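The residues making up each chain are set out below.
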Amino acid sequence: MSELHAETVPFVRGTMLPQASPPAAERGLYRWLRTNLFSGPLNTVLTIVALFVLWWLFQHFYPWIRHSVWNASSMAECRAIFAERWGEGAAGGCFGVIRERWNQFLFGFYPPSEYWRPTSAFCLLFLALAPVLFTESRQMRWIVVAVASVGAFALSMLSGAPAPELVCIAVGVVVWIAVIEYAPRAALVLTLVFPFLAVWLLWGGSIWGPATILGGAVIGVVVWRLLARFGILAVVGGLAAAALWWWFLSGDAAADLQRMLPLSLPRMESRSFGGFLLAITIGVAAITMSLPLGVILALARQSDLPIVKAFAVIFIEFIRGVPLITLLFVASLLLNYFLPPGTNFDIILRVIIMVTLFASAYMAEVIRGGLASLPRGQYEAAGALGLNYWKMQRLIILPQALKVSIPGIVGTFIGVFKDTTLVTFVGLFDPLKQLADTIRATFEWKGAYWEPYIFSGFIFFILCFGMSRYSMHLEQRLKRDHR
Amino acid sequence: MTHLQPAEHQPFRLSMLIYDRRYRSLTIQTVVFIGVMLFAAWLVNNTIENLARLGKTFSFSFLWARAGYDIPFSLIPYAATDTHMRAAVVGLLNTLLVSFVGCVLATIVGVLAGVLRLSNNWLVSKMMTVYVEIFRNVPLLLWILVILAIFTDVLPAPRDYRGDDAAAQMILFDSVAPTNRYTAIPRLAVEHAPGPVVIAGTPVNGALVAFAVALVAAWLVWKWLRGWARARQNRTGRRPVTWWISVLLFVVPLVALINLFGVHLIPPTLAGFNFTGGVNLDNGFVVLVLALTLYTGAFIAEIVRAGILSVSRGQTEAAFALGLRARPTMGLVILPQALRVIVPPLISQFLNLTKNSSLAIAVGYPDLRATLGGTTLNQTGREMEAMMLMMGIYLVLSLLISAVMNLYNARVRLKER
């Protein structure tokens, strides 16, 4: 057999040929260009059009950016520099306005001696967020905590915080880090306390005001725990105790404590808030409050109690049906009508309330989508285990529903943060319009149109893009199935 | 079951209102209802008290008073002597106009960008990604202000178009002239206009009626033609070629009517320092439409992309395996499934665009907020009534749009068993 074969096949290769390299057309840059840019007539046309558009944009914007000047104290100086460097008639970006008015863009009219307060509050915000957002990766948590605490201390020192306050910040931060590391559950309590601390840092006044309000919440929780075996009555009791404390005692208690142990910071008017301080204050406040409110509204809308459901539907549809700008006008024009005669409270607070209500309606719809996506079996299984309504929601339903709705929730956050710029129309100094207009109204910076827009747009882009990327990361991390 | 005894035999005790699941929901609802009503009563009471203190009454009679202010951009005849009511209607129509034009353009931009982002052309898809991310992550107000600044600061004044070597050139074959005060576009003119046709007592433009009748007739014939073709296909297995008849059906009557009435475009021409002949569109309108289009277009692009990606590749393969060609695959298999994902968020983007059109405040375009919620409110001092009316109108608009969405959702819902 083999001999026959040997006769019919004159040559059999004993070794493999060395691998040949692919033909020139299937290699390297040429191949990439052919598959990605010129794979057919339509693609070729698209590429040429795209190149043309890019060239057009480059031609129009590059000279302006190349001629940018950072070291100038007025528009006239900028123009002189342009004329000197690039000849008469040259135009360019006068980014000196950002350098000169940097503090105003960040803090508005907040007094410079107090800049350390918003700065440290902003850095401490990340310490408060660490036990909530960065739970899984220890390394990530350490980076965030370290940067935030060093930032809180160093930036406060640089912006001239007095020595006793600096010591307080240092000690507080070290203790806080220790709690985050060794007692993560207790760190959650500190996270809940943080809003009161932030309010005190930003607006100043006596520390005992926010502290006694916090005390009311603590009393409510204690009463609720004590009465826990009475079921629903415990909730009522806790709420009543807290309300009684706030209504009758907290004001006097705060005054007494202040007399015994004066601890206060200079009080700040809301009018002095501006720039990104204002945007971030309103944004963060509305975001943190709208999430729990949205959960409650979503549960109410999904509940089988018809009256509760009807109220939730009316509220959500009303808020979602009107533009935010009309709600802001309600805050500035009408809210005083709805409150007892003589009440006149802070415009920022009014705006925060309205933005929170607005965001919570959208949040409720997003979370309702998450709730609706859960299969019916989850509810039935929870019921079969004998869990009551709240335990079922807390342990079974909400963890899954919230996970599903993360993209929507973060989308709402981004929307709220972008919408904070609308406060410009009720006379607050947002970074986009009112503050930029104020700066343009000065003699030095008359005509500085583009630079403030580019700067604020850039900051908004970084913050919003960062949030959306973080939500994608979170979505990937929390993914448990392989759909 | 632990309930050995039938529940009806238990005597009613007061504690059952709290601990018995049958009565507890009733208790909770009663408490909530009373609480909400008390809160509402408190608000209403405060309002009445505050209004009384300021010596104000609550009435909408100001709507029939003389408005006394001019509105620079109006779709219906309006003069300063008209009522506040008419001013509000002018504002509402302006809001509707800007929303409608914005929705149409944003859909076009969004679909284009969404499809191009999925294209296998690396450069184009990256450019579309950059467009979508930049526009989505920056506040709309910034885009409005930037485009406004471009229009007022960069564009030439009308007089720059004068002369033989003018500083500025008209674009789109000498038909559109963007200037720093308005954008001049051509006007549609009818040479031999037929007389008005009286329908139900009101005279309607005759040419418009003729076009409408022609279109409806063509559509009816086209429907019949399609039915005939389908019947023929069912009978013989061969579909007759009808596409050229369909095209002719719509094109021929339109061309005939255009020639009959002498419909043509009058381009804007420079007379003195201003453009005349065409329509001078208010820049507030143009800026607002452009900004809303580009901003909402970025969101729609994402929706379109997600919709197309949501149809799995297996669907295309299965359709090909069944012997369908590329076009019927797209029309019968891919699009119906993708649209089910695309349309609901698309409509909610329309809703957002309509609400965002209230940012007209930044460009001085006289929309509903500027007339009813702006000048009227300031002149009459009736914040409560004007705001309530304005919010009510926006609410009705939104509810109408959501009603359309619900109808669509009900129609395309998967039939579950």
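Once a new chain begins, its residue numbering starts again from 1 and follows that chain's sequence as written. Here chains are named by letter from A upward and ligands by number from 1 upward, in the order in which they appear as written. Reporting of local features is limited, given that this is a predicted model, to residues whose pLDDT is at least 70; pairs of side-chain atoms are given and counted only at 80 or more, and all residues count toward the totals for whole chains, interfaces and linings.

**Student:** If you had to explain the overall build of chain B to someone new, which residues and values would you point to?
**Tutor:** Under the DSSP-based scheme used, a helix requires at least four consecutive residues in state H or I and a strand at least two consecutive residues in state E, with every element numbered from the N terminus. A tally of helices and strands in chain B yields 12 helices and 9 strands. Computed over C-alpha atoms, the radius of gyration of chain B comes to 29 Å, more than 25% over the 22 Å expected from 2.2 N^0.38 for 417 residues, which places it beyond the range of a compact globule. In terms of principal-axis extent, the alpha carbons of chain B reach across some 95 × 75 × 55 Å. For chain B, buried positions account for 26% of its 417 residues. Within chain B, counting contacts between residues at least 6 apart in sequence, those at least 24 apart form 64% of the total. As a reference, a globule follows 2.2 Å times the number of residues to the power 0.38, and the radius of gyration itself is taken over C-alpha atoms. Partly exposed residues are those whose C-beta has more than 12 but fewer than 20 other C-beta atoms within 10 Å; 20 or more makes a residue buried and 12 or fewer makes it exposed, with C-beta atoms placed from the backbone. Residue pairs qualify as contacts under a 7 Å threshold applied to their C-beta atoms, which are placed from the backbone.

**Student:** Describe the interface of chain B and chain A, listing the residues and the values that go with them.
**Tutor:** Listed by partner, the interface residues are 47 residues for chain B and 45 residues for chain A. Of all the secondary-structure elements, those providing two or more residues to the side of chain B that touches chain A are helix 1 (16–19), helix 2 (21–54), helix 4 (122–136), helix 5 (140–154), helix 11 (368–380) and helix 12 (383–412) of chain B. Top element by residues in the side of chain B that touches chain A is helix 2 of chain B. It accounts for 12 residues. Its residues assigned to classes, the side of chain B that touches chain A shows 28 nonpolar, 12 polar and 7 charged. Lys, Arg, Asp and Glu make up the charged group, whereas Ala, Val, Leu, Ile, Met, Phe, Trp, Tyr, Cys and Pro make up the nonpolar group; the residues left over, Gly among them, are polar.

**Student:** Requested: an account of the domain arrangement of chain B, with residues and values cited.
**Tutor:** Its domain assignment divides chain B into domain 1 (16–54) and domain 2 (187–266). If you average the C-alpha positions of domain 1 of chain B and of domain 2 of chain B, the two centres end up 60 Å apart. Boundaries between domains were set according to an automatic or database domain assignment.

**Student:** Describe the sheet that holds strand 2 (residues 182–185) of chain B, with residues and values.
**Tutor:** Residue and element names in this part refer to chain B. Pairing in this open sheet of 3 strands is antiparallel, and the strands run 1-2-9 from one edge to the other. Both edges of this open sheet fall to strand 1 (177–178) and strand 9 (279–282), since each of them pairs with a single strand only. Here strand 1 runs beside strand 2; their pairing, made up of 2 bridges, is antiparallel. What sits directly across from Pro-178, in strand 2, is Thr-183. Helix axes are fitted to C-alpha atoms over the stretch in contact, other axes to C-alpha atoms as well, and angles between N-to-C directions run from 0 to 180 degrees. Across the sheet, helix 8 (residues 283–310) touches strand 2 and strand 9, and the angle it forms with strand 9 is around 60°. A pair of strands is labelled paired if DSSP reports no fewer than 2 bridges between them.

**Student:** Break down the nonpolar core for me, citing the residues and quoting the values.
**Tutor:** Among the nonpolar cores identified, the biggest contains 160 residues, and Leu-328 and Val-351 of chain A together with Ile-144 and Leu-288 of chain B are the most heavily contacted of them. Mapped onto the domain boundaries, this core takes at least three residues apiece from domain 1 (67–100) and domain 2 (273–483) of chain A. Not counting residues within four places of it along the chain, the set of residues in contact with Val-351 of chain A comprises Ile-282, Leu-328, Ala-331, Val-423, Val-426 and Leu-428 of chain A. In this structure, Ala-177, Tyr-182, Ala-184 and Phe-275 of chain B belong to the second largest nonpolar core, which totals 5 residues. By convention the nonpolar core is taken to be a set of buried residues drawn from Ala, Val, Leu, Ile, Met, Phe, Trp, Tyr and Cys and joined through C-beta atoms within 7 Å.

**Student:** I'd like to hear about the domain arrangement of chain A, residue by residue, with values.
**Tutor:** Where interface size is quoted, it is often the accessible area lost as the parts come together. Residues and elements named next belong to chain A. By domain assignment, chain A separates into domain 1 (67–100) and domain 2 (273–483). In this structure, domain 1 and domain 2 have C-alpha centres spaced 40 Å apart. Each partner contributes residues to the interface: domain 1 has 8 residues there, and domain 2 has 10 residues. Classifying every residue of the side of domain 1 that touches domain 2 gives 5 nonpolar, 3 polar and no charged.

**Student:** Which residues make up helix 12 of chain B, and what values go with them?
**Tutor:** Three or four residues apart is the spacing at which side chains of an α-helix point the same way, because the helix has 3.6 residues per turn. Take the number of residues in a helix, subtract one, and multiply by 1.5 Å to get its expected span. Taking 1.5 Å as the rise per residue, helix 12 of chain B with 30 residues should run 44 Å; its terminal C-alpha atoms sit 43 Å apart, in good agreement. Residues of helix 12 of chain B that are buried include every one of Glu-385, Ala-386, Met-387, Leu-389, Met-390, Tyr-394, Leu-397, Ser-398 and Ile-401 of chain B, and no others.

**Student:** Before we move on, could you go through the environment of Val-404 of chain B and cite the residues and values that matter?
**Tutor:** Residue and element names in this part refer to chain B. If you trace the backbone, Val-404 turns up in helix 12. Classification of Val-404 as partly exposed rests on a count of 14 C-beta atoms within 10 Å. Measuring from C-alpha to C-alpha, the distance between Val-404 and Ile-258 comes to 34 Å, with 146 residues separating the pair along the chain.

**Student:** Can you tell me about the environment of Gly-277 of chain B, naming the residues and giving the values?
**Tutor:** Residue and element names in this part refer to chain B. With respect to the secondary-structure elements, Gly-277 resides in the loop between strand 8 (274–276) and strand 9. For Gly-277, a count of 15 C-beta atoms within 10 Å gives the class partly exposed. With near-sequence residues (within four places) excluded, Gly-277 lies in contact with Arg-187, Ile-266, Pro-267, Pro-268 and Thr-269.

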